[in-house]
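Spelled out, the chains give:
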Amino acid sequence: MHRKCFKFVSIVLTAAVALSLAGCLSVPEYSLSSTGDSNAAPTMPSTSQTAYVRSSFDINKNPYFAMLSETEMNAYSFIYDGLIAGNSEIECPIRLEADQLSKAMDAVLNDHPEIFWIDNNYSYSYNPEDGSIKEITFTFYDFADTPEKLQAARAEFDAAASSIIAGASEYQTLIDIELYIHDYICENTVYDESAPYHQSAYSTIVLHRSVCAGYARSFQYLMQRAGATCYYVTGSTEKIVEGSGDSGSHSWNMVLINGDFYNVDCLWDDTASDSYGSPIYPFFNIPDSEMVNHVRIQMALGLPSCTATECRYSNQFGPTIEADSIVFADDE
């Protein structure tokens, strides 16, 4: 079972729960660290870059791509193409600075949970003549560090996801499909700070042990497989325990239903349900105004606002504990 994140009756968050969530929140979601020696690189000149024809991406399905500059979009494109092809080393075809690479890399991984085999770091080499990035080397998780292992992992991941989607396909409406996927993740995943690969959808869909990033990336991937528009949201918690000042990185999702965006946090619904003793849905399809202790950060600030309430759980399926009824406090 998960560590308890909520205590009901008085409806408070216990101090032990803060430590539980802190394990999830202490790891930035794919804020990739570069091992390149940026101090050794000269400043990039602002001249025209090498011609590059990028792949096409749907800006409605890939919102982080839409937030990039032209150069960063080109970087996003060749990174995506290379990683999908299973390449751990990619030649850089454009003039690119380190900060542009970092932003493009974050955007690729935020938009594409299907790239589940990347560990949280990469390195790059410089062209000594002009300081431009020459080659990027990615670290793959050990279950995918050879072409044969990656092929097997992709087959395993696809089979597990396809089984979930087959179950979801028995439902007719998008919100029913969404609820099925949400419940599958909550019922079959154990919150575990020590879970391997926990920044990846693989940890949830295949191994069933993860933290917030794994929950959110698996929900994003499965909803996308079901045909929905679903985003990965990077954020932080304002206060895990009232008066403690604790905060940290967190992640959840946004989903588009009937023209409106809604917030969904599978992990917090899961831990709340564990504490309550039966399934409840305080963080299922709610507006920004009710996302207590959730604040968007970085590129997620550019995602659409969530203001609708029509598709919240209580308006579609019946009464539940609402997020704005939960008071976060230290009960020790």
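Thresholds applied
- The written sequence of each chain sets the order in which its residues are numbered from 1.
- Restriction of local features to residues with pLDDT of at least 70 applies here, the model being predicted, together with a cutoff of 80 or more for giving and counting side-chain atom pairs; totals for whole chains, interfaces and linings are based on all residues.
- Water and hydrogen atoms were dropped before computing side-chain values, which therefore reflect all heavy atoms in the structure.
- A pair of strands is considered paired only if DSSP assigns at least 2 bridges between the two.
- Only DSSP runs of H or I with at least four residues qualify as helices, and only runs of E with at least two residues qualify as strands; both kinds are numbered from the N terminus onward.
- Each residue carries a pLDDT score, the predictor's confidence in it, ranging from 0 to 100.
- By definition in these notes, contact holds between two residues if any of their heavy atoms fall within 4.5 Å.
- Salt bridges are identified by distance alone: a Lys or Arg side-chain nitrogen within 4 Å of an Asp or Glu carboxyl oxygen.
- Relative accessibility decides the category of a residue: with a 1.4 Å probe and only protein chains considered, values under 20% of the type maximum give buried, values over 50% give exposed, and everything between is partly exposed.

A few points about the sheet that holds strand β7 (residues 230–237)
As a general point, the strands of a sheet are linked pairwise by backbone hydrogen bonds and lie either parallel or antiparallel.
Thought 1: Spatially, β10-β9-β8-β7-β11 is the arrangement adopted by the 5 strands of the open sheet, whose pairing is antiparallel. Looking along the sheet, the strands with just one partner apiece sit at the ends: β10 (284–286) and β11 (295–296).
Thought 2: Summarising the sheet, β7 and β11 pair through 2 bridges and their orientation is antiparallel. From the neighbouring strand, S236 faces β11, where its bridge partner is V295.

A word on the confidence of the model for the chain
Thought 1: A residue-level look at the chain finds 80% of positions with pLDDT of 70 or above and a mean pLDDT of 84.
Thought 2: Across residues 1–23, where pLDDT falls below 50, the model places 71 contacts with residues more than four positions away in sequence or in other chains.
Thought 3: Long-range and interchain partners of residues 25–49, a stretch whose pLDDT sits below 50, account for 64 contacts in this model, where long-range means more than four residues apart.

Side note on the environment of T173
Thought 1: Structurally, T173 is set in the loop between α5 (147–168) and α6 (174–188).
Thought 2: Along the primary structure T173 and I257 are separated by 84 residues, whereas in three dimensions their C-alpha atoms are 10.0 Å apart.

Observations concerning the pattern of salt bridges
Thought 1: This structure, assessed with the given rule, holds 8 salt bridges.
Thought 2: For D158, the salt bridge goes to R225, with nearest N and O atoms at 3.3 Å. Of this pair, D158 sits in helix α5 while R225 sits in helix α8 (residues 212–225), and the two are 67 residues apart along the sequence.
Thought 3: For D158, a relative accessible area of 37% corresponds to the partly exposed category.

Focus on unusual backbone geometry
Thought 1: Of note, H208 is a non-glycine position whose phi angle comes to about 65°, a positive value.
Thought 2: Positionally, H208 belongs in the loop between α7 (201–205) and β6 (209–210).
Thought 3: Backbone geometry at N293 places phi at a positive 65°, although glycine is not the residue there.
Thought 4: Inspection of the secondary structure puts N293 in the loop between β10 and β11.

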